[in-house]
Amino acid sequence: MLKQRIITALILAPLAILAILFLPLDVFQYVIAGVIALGGYEWANMSGLPKRPHKIAFLFVLLALCLGLIGLVDTDMIWYQGKLNSLYHWILSVACLWWLVSLAMIIAYPRYSKFWQKSWMIRCLFGVLTLIPTWVAVVSLRASLYDVDAFYGASLIFYVLGIVWAADIGAFFVGVKFGRHKLRPNVSPGKTFEGLFGGVMASFAIIAFAALHYQVESSRIWLHLLIGGLTVGVSALGDLNESMFKRCAGIKDSGRILPGHGGLLDRIDSLTAAFPVFAYCYVTWMA
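What counts, and where the lines are drawn
- Residues numbered from 1 in each chain as written.
- Predicted model: local features only at pLDDT ≥ 70, side-chain atom pairs only at ≥ 80, totals over all residues.
- Heavy atoms only, no water.
- Helix = DSSP H or I, 4+ residues; strand = E, 2+ residues; numbered from the N terminus.
- Buried < 20%, exposed > 50% of the residue type's maximum accessible area, 1.4 Å probe, protein only.
- Core = buried A, V, L, I, M, F, W, Y, C linked by side-chain atoms within 4.5 Å.
- Contact = heavy atoms within 4.5 Å.
- Salt bridge = Lys/Arg side-chain N within 4 Å of Asp/Glu carboxyl O.
- Axes fitted to C-alpha atoms, helices over the stretch in contact; angles between N-to-C directions.
- Parallel < 35°, antiparallel > 145°, perpendicular 65-115°, else oblique.
- Left-handed = near helix turned anticlockwise from the far one by under 90°.
- Nonpolar A, V, L, I, M, F, W, Y, C, P; charged D, E, K, R; others polar.

Caption draft 1: Summary view of unusual backbone geometry. Following Y109, the chain continues to P110 via a peptide bond in cis, the omega torsion being 5°. With respect to the element layout, P110 can be found in the loop between α4 (86-108) and α5 (114-117). Positive phi values are uncommon outside glycine, yet Q81 reaches one of about 55°. Relative to the assigned elements, Q81 resides in the loop between β1 (79-80) and β2 (83-84). Judged by relative accessible area, Q81 falls into the exposed class, the value being 68%. The phi dihedral of L145 is positive, around 55°, even though this residue is not glycine. Topologically, L145 is positioned in the loop between α6 (120-143) and α7 (152-178). On the accessibility criterion, L145 (44% relative accessible area) is partly exposed.

Caption draft 2: Local environment of the nonpolar core. Membership of the largest hydrophobic core comes to 77 residues, with the highest contact counts inside it found for W135, L141, F275 and Y282. Contributing elements (two or more residues each) for this core: α2 (25-46), α3 (52-72), α4, α6, α7, α8 (193-213), α9 (221-249) and α10 (264-286). It is α10 that provides the largest number of residues to this core, a total of 14 residues. Ignoring sequence-local partners within four residues, the contact set of L141 consists of G153, L156, I157, V160, F275, F278, A279 and Y282.

Caption draft 3: Molecular detail of the pattern of salt bridges. With the rule as written, the count across this model stands at four salt bridges. With its nearest N and O atoms 4.0 Å apart, the salt bridge here joins E242 to K246. Residue E242 and its partner K246 are located together in helix α9, separated by four residues, close to a single helical turn. D253 serves as the salt-bridge partner of K252, at 4.0 Å between the closest nitrogen and oxygen. Salt bridges here are not isolated pairs; linked through shared partners, they connect E242, K246 and D266.

Caption draft 4: Expanded view of the packing of α7 against α10. It is the contact of α7 with α10, at a shortest axis distance of 11 Å, that shows an interaxial angle of 130°. Classified by the interaxial angle, the pair formed by α7 and α10 is oblique. Viewed along their axes, α7 and α10 form a crossing whose handedness is right-handed. Residue-level inspection shows Y152, L156, I157, Y159, V160, L161, V164 and D168 of α7 in contact with α10, the latter providing S270, L271, A274, F275, F278 and Y282. Per-class residue counts for the contact of α7 with α10 are twelve nonpolar, one polar and one charged.

Such coordinate-based values are descriptive only and should not be taken to indicate function.
As structure tokens, then:
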């Protein structure tokens, strides 16, 4: 298993880095749409649709929604005069509301969950609210200042990846060493408040480095710390959200697409929350 994990990571990590850095924006949109569609295949399984035709059908629903957005908004109109396209901004706003709803569901779980646990349609809707804003967020960040600096948007994506991964590493080591108080034992027994705090603290190192890199005014550093901390905090919510739906479906992994790693969603669950929330904050207060 460890060998499989290492081989898979050694293959996928360079491909992901090259795609983020060097794919033309119009091609990049389609690649991310494909990733989201694969996520939809796994989400259908978590929604109580284990049969392959149903999972493939939901895959095409997600793909069609992404392609529809590509058709509605040209790449050169994603940003116009320094403002994000209004449709994309609205989708990111809806995503922030969805994650507030998800937080309430996680806190209350398993109480008040019967109305959505028994309905595959509602759980699939939750998948749309989770995955489509992720596509919008990643594409919007990559397109930021693209005409001025083709790599600026890529640096924003790497920034989010960096603080989330730093938080994951910090949360793991602090949680193992000092974890005593469970975050939500009914959803994910292994996560603790101490681990979450350790993850946020670890991410601040990346946030501080980014503030220096982007030459942020000293009077605005507090805003970067606030948005970075919020992004890291909500990334834990993305992890808990997927764990809750897997628990409802009675499965351990979202899928088996990545040898040694389980499903695609198992690897990007925290990012499905982090990217939309960060993108909304960036568009609203930082761009």
